[in-house]
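# Observations on the three-dimensional arrangement
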Amino acid sequence: MDIDTTVYSNCTSPATYQQYTWALTDKLRKTAKSELREDEHLRSQGLAQMREFIAKSPHIKRCRTDALFLLRFLRAKKYSIPQACAMLEKYLTVRQTNPSWFQRLDIDDPEIAAIIDGGYIVPLPERDDHGRQVILSVAGNLDLNRVSSALLARVHFMVQEVLADDEQSQICGYVHCVDERELTMKLMGMWSLVDIKKVVDCIQNGVPSRINGFNLIGMPSTAATLLEFCVSLLNDKLRKRINLYRTVEDFAGKINRKIIPKEYGGTVPMANMIAQFKERCRRKRAQLLAMDEMYIELSKMPGHCADSCRRDLEAGMIGSFRKLEVD
């Protein structure tokens, strides 16, 4: 099926929307039904209602209306139309109010390419035993003299956007594995408290993805305050999905070794996985850059992200982990 990922201007709907065709396995069909309530009728109804919402919302000026894009939100919210539409508004808002994080998600950008080539973050080519997309991040693979918090956020959100239209991931979800063995105060100090709060808010409310787990490997004791603060911002559902592993061996014993890099006990070198992901990024490059055209008129949106950040400033939230005492 040819996918229409055009960003339509002024909410003008195409004369006829492309017909969605299920192209996944029967097993995934059953998973979608049992976990998301999804069936052909609900999916068709949900897509139609979201397209109507976009077309009738005067503040949404330009937006994708293809099925794969809208299914991100419907599946993330288990086909609650009000919640899916609210998340779409939030998604458009956070993209627009944080351009340094969400704009120019370009694998050909030398700064982004250097981080990917260095092995800081890579989605594993093979899925885990539950069909979930696993994303590995390695703090020790960063050149801290060449990065900033905004650049790192941009890389993370680029990875998410590259993966976001994959239907199996929309249905089965994601697992984030973070190797924190070389997490340093310098890296933690790049992030202000407000930025961390904004990132967590984006993850929970603005970026449609089903996060099924956070596996943190070898987190040093000096990061205890950071972890405690981040966990305090999460909802109960995500808090319960955090798993701590003292060593790589402990982590490798809890996952199918066939899917992890050779450096972690698997068989495929990480360099090969990085090369595969970069090729995937190149195939998505034009689409990701076109998404910068999406536009929502913030003046007609009450209580958007900028207001939230202003309240944090007034409440004295500005600060960074350079100023925190850590054990």
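Scroll up to find the structure this text is about.
Within each chain, residue numbers correspond to sequence positions counted from 1 in written order. Predicted model: local features are reported for residues with pLDDT of at least 70 only, side-chain atom pairs are reported and counted for 80 or more only, and whole-chain, interface and lining totals are derived from all residues. Each side-chain value is worked out from all heavy atoms of the structure, with water and hydrogens disregarded.

## Focus: the pattern of salt bridges
Test applied: A pair is scored as a salt bridge if a Lys or Arg side-chain nitrogen falls within 4 Å of a carboxyl oxygen belonging to Asp or Glu.
Applying the stated criterion across every chain, the model contains 26 salt bridges. When salt bridges with common partners are traced through the structure, they connect R64, D66, R72, R95, E161, D165, K284 and D292 into a single cluster.

## Focus on the pairing of strand 6 (residues 211-217)
Spelled out, the test is: Using a 1.4 Å probe on the protein chains alone, a residue whose accessible area is under 20% of its type maximum counts as buried, one over 50% counts as exposed, and one in between counts as partly exposed. Secondary structure elements are taken from DSSP: a helix is a run of H or I of four residues or more, a strand is a run of E of two residues or more, and numbering for both begins at the N terminus. Two strands qualify as a pair provided that DSSP identifies no fewer than 2 bridges between them.
Of all seven residues that make up strand 6, six are buried, and the element is covered over most of its length. As judged from the six bridges shared by strand 5 (residues 174-179) and strand 6, these two strands associate in the parallel manner. Bridge pairing in strand 6 places D179 opposite I217. Note: strand 6 against strand 7 (residues 242-245), four bridges, orientation parallel. Paired with L216 across the strands is L244, a residue of strand 7.

## With respect to the sheet that holds strand 5
For clarity, the cut-off: Fitting a line to C-alpha atoms yields each axis, with helices limited to the stretch in contact; the angle taken between N-to-C directions then spans 0 to 180 degrees. We call two residues in contact whenever any of their non-hydrogen atoms come within 4.5 Å of each other.
On the basis of which strands lie adjacent, the open sheet formed by five strands has the order 3-4-5-6-7 and mixed pairing. Each of the sheet's edge strands pairs with one partner strand only, and the pair in question is strand 3 (121-123) and strand 7. In this sheet, neighbouring strand axes are inclined to one another by 15° on average, regardless of whether the strands run parallel or antiparallel. Sheet analysis places strand 3 next to strand 4 (residues 133-138), joined by three bridges and oriented antiparallel. Opposite V122, over in strand 4, you have L136 as the bridge partner. The sheet contacts of helix 7 (residues 149-163) involve strand 3, strand 4 and strand 5, and relative to strand 3 the element is tilted by about 10°.

## Side note on the packing of aromatic side chains
Heads up, the condition is: Here is the rule: rings of Phe, Tyr and Trp (six-membered ring for Trp) pair when centre to centre is within 6.5 Å. Planes less than 30 degrees apart are stacked, more than 60 are edge-to-face, and the remainder are tilted. Counted as over-ring charges are cases with an Arg CZ or a Lys NZ within 6 Å of the ring centre that also lie within 35 degrees of the ring normal.
All told, the structure shown has six aromatic pairs when counted by the stated rule. Between F69 and F73, the aromatic rings sit 5.2 Å apart at their centres with planes inclined by 70°, giving edge-to-face as the arrangement. Here F69 pairs with F73, and both are found in helix 3 (residues 67-76), just four residues apart, close to one helical turn. A centroid spacing of 5.5 Å and a plane angle of 75° characterise the contact between F73 and Y91, whose relative ring orientation is edge-to-face. Residue F73 is found in helix 3, and its partner Y91 is found in helix 4 (residues 81-97); the two are separated by 18 residues along the sequence. There is no split in this pair, since F73 and Y91 are both buried. Cluster of aromatic residues (ring-pair linked, three or more members): F69, F73 and Y91. The residue whose ring lies beneath K198 is W101, and the NZ or CZ to ring-centre distance is 5.0 Å.

## Remarks on the pairing of strand 5
In terms of residue burial, strand 5 counts as a mostly covered element, since six of its six residues are buried. Side-chain alternation along strand 5 places Y174, H176 and V178 on one buried face and V175, C177 and D179 on a second face that is also buried. Pairing geometry for strand 4 and strand 5, over six bridges, is parallel. Residue L136 lies in a different strand from strand 5, and its bridge partner there is C177.

## Quick look at helix 2 (residues 40-56)
Along an α-helix, residues three or four positions apart point the same way, because every turn accommodates 3.6 residues. To be explicit about the condition: Helix span, expected: 1.5 Å multiplied by one less than the number of residues in the helix. Note that the arc is defined by the directions from the helix axis to the C-beta atoms. Pairing of N or O atoms within 3.5 Å defines a polar contact, subject to two protein rules: one partner must be a possible hydrogen donor and the other a possible acceptor, and residues neighboring in sequence count only if both atoms are side-chain atoms.
A rise of 1.5 Å per residue sets the reference length of helix 2, with its 17 residues, at 24 Å; its end C-alpha atoms lie 24 Å apart and thus fit the reference within 8%. Those residues of helix 2 that fall on the buried side of the exposure criterion are L42, R43, G46, L47, M50, R51 and I54. Taken around the axis of helix 2, the buried residues stretch over an arc of 160°, which confines them to a single face. Residues of helix 2 that are exposed and point more than 90 degrees away from the buried face comprise H41 and K56. At its buried positions, helix 2 is contacted by strand 2 (60-64), helix 3 and helix 4. Where helix 2 begins, one side-chain oxygen reaches toward the backbone nitrogen of H41, 3.2 Å away; that side chain belongs to D39.

Nothing here speaks to function; it is geometry throughout.
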